[in-house]
Amino acid sequence: MTRPDRRPPRPAASRRAFLRGAGLGVLGAAGSASLVACGSGDDATASGDAGEGYGRIAVQLSWIKNIEFAGEYFADSRGYYADAGFSAVDLLAGGAAGTAAEAMVLSRRAEVGLSSPTLTAPAIVNEDAPLKIIGTTFQKNPFCLVSVEQRTPVRTVEDLAGKRIGVQTGGNETIFEGFCTANGIDPSSFTVVPVQYDPSVVETGEVDAFMAYLTNEPILLAGRGLTPVTLGFADTGLPFVAETFTVLQSTIDERRDMLKAFLRAEVRGWNDAVADPAESARLAVEEYGADQGLDLQEQTREAEAQNTLVVSDDTRANGLFTMTDALVEENLGALSAMGVEITAGQLFDLSLLDEVYEEDPDLITG
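What counts, and where the lines are drawn
- Residues numbered from 1 in each chain as written.
- Predicted model: local features only at pLDDT ≥ 70, side-chain atom pairs only at ≥ 80, totals over all residues.
- Heavy atoms only, no water.
- Salt bridge = Lys/Arg side-chain N within 4 Å of Asp/Glu carboxyl O.
- Helix = DSSP H or I, 4+ residues; strand = E, 2+ residues; numbered from the N terminus.
- Expected span 1.5 Å × (residues − 1).
- Buried < 20%, exposed > 50% of the residue type's maximum accessible area, 1.4 Å probe, protein only.
- Core = buried A, V, L, I, M, F, W, Y, C linked by side-chain atoms within 4.5 Å.
- Contact = heavy atoms within 4.5 Å.
- Pairing = 2+ DSSP bridges.
- Axes fitted to C-alpha atoms, helices over the stretch in contact; angles between N-to-C directions.

Draft legend 1. Highlighting the pattern of salt bridges. Scanning the model with the defined rule gives 15 salt bridges in all. Salt bridges here are not isolated pairs; linked through shared partners, they connect Arg256, Lys260, Arg264, Glu355 and Glu359.

Have a look at this one:
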């Protein structure tokens, strides 16, 4: 997808496709992983416990190294992974040339993958993948339709009637269809236009609204002097979470303490990231994503925007990455609207986070 980093538009095989691809053949793709390591290490291989502590850990990111992984940058640069017992962390970049988190975890090239229920659940249901989600960075997914005030604003589902809606082909269509189903929208009442990931089609009027990420394309359009109007999917029928931590069931069974140590470091890192968007952006622009041509002001605005997805009243009470029973049920309902039937026990194991916060309640910063 096009990001607010002023690089050329990505082709369809982009991060957005990873997050939306409900039919991903992760088992077949597991052997073709492309590893791009960052930061604390130069050999991106998953590891077992090594000597004292847990050795190296590999984490597959869902996109390029930009602001979306600010918490991981803090956890690495401030030594939280080291404090937790890891000798090094390999943050493996995703993106157009990357491999989906599920494939990386299944092939044991990464212990943890950042993903979404829209990917992990179909892998479990359709391919018997032995995966579980153990927490989520975003309490709300950032998917939306973005339009502009200066042309034809689309504020409600009723406004879709008669409009031209830009939707990226592939997995994005599945989520958009689920959005329509969840809201009882007649798909014949508007026209879907296949597009790529560049929101300029909204600016030019080629489409009236465009499937986007709340923390990205609207910011880019605002930077062009336009007034973006967004219709968020999370608040309109599809309240699934995003940037989830996906692991093997066997890792939970055999290396539970390691995963808890990882989560502890992640919580510390994301607590810092939420508290300091400016430093989050600096780490992304000047260090971890230094080769991406990121813009500091845009990344700072994105950091501020994504904090509203990371932090909620529930996380203030229960801690980052947690999910209430109600939120779990909402995710199952959203998946059902997309044609994926799965139980909470099949998809989630949030008991590790419960134990982390029971053992260290000071991690809940409120």
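Back to the text.
Draft legend 2. Fine view of helix H11 (residues 256–275). Relative to the 28 Å expected for 20 residues at 1.5 Å per residue, H11 spans 29 Å between its end C-alpha atoms, a close match to the ideal helical length. The buried count for H11 comes to 14 of 20 residues, which makes it a mostly enclosed element.

Draft legend 3. Spotlight on the nonpolar core. The biggest cluster of nonpolar side chains holds 52 residues, and the ones touching the most others in it are Phe86 and Phe262. If one sorts the elements of this core by residue count, H11 sits on top with nine residues. Those residues within four positions of Phe262 in sequence are excluded, and the remaining contacts are Ile57, Val59, Tyr81, Phe86, Val112 and Phe245. Residues Cys180, Ile185, Phe233 and Ala334 belong to the second largest nonpolar core, which totals 22 residues.

Draft legend 4. Molecular detail of the sheet that holds strand E3 (residues 112–115). Pairing is mixed across the open sheet formed by five strands, whose spatial order is E2-E1-E3-E10-E4. If you trace the sheet from one side to the other, it starts and ends with strand E2 (86–92) and strand E4 (131–138), each paired once. Across the sheet, the mean angle from the axis of one strand to that of its neighbour is 25°, orientation sign disregarded. Against the sheet, helix H6 (residues 117–127) touches E3, E4 and strand E10 (242–248), its axis set at about 175° to E4.

Draft legend 5. Representation of the side chain of Thr215. As for its placement among the helices and strands, Thr215 is situated in the loop between strand E8 (209–213) and helix H9 (217–223). Assessed through its relative accessible area of 4%, Thr215 is described here as buried. Apart from the residues lying within four places of it in its own chain, the contact partners of Thr215 are Pro142, Glu302, Ala305, Gln306 and Leu309.

The quantities given are spatial measurements derived from coordinates; they are silent on function.
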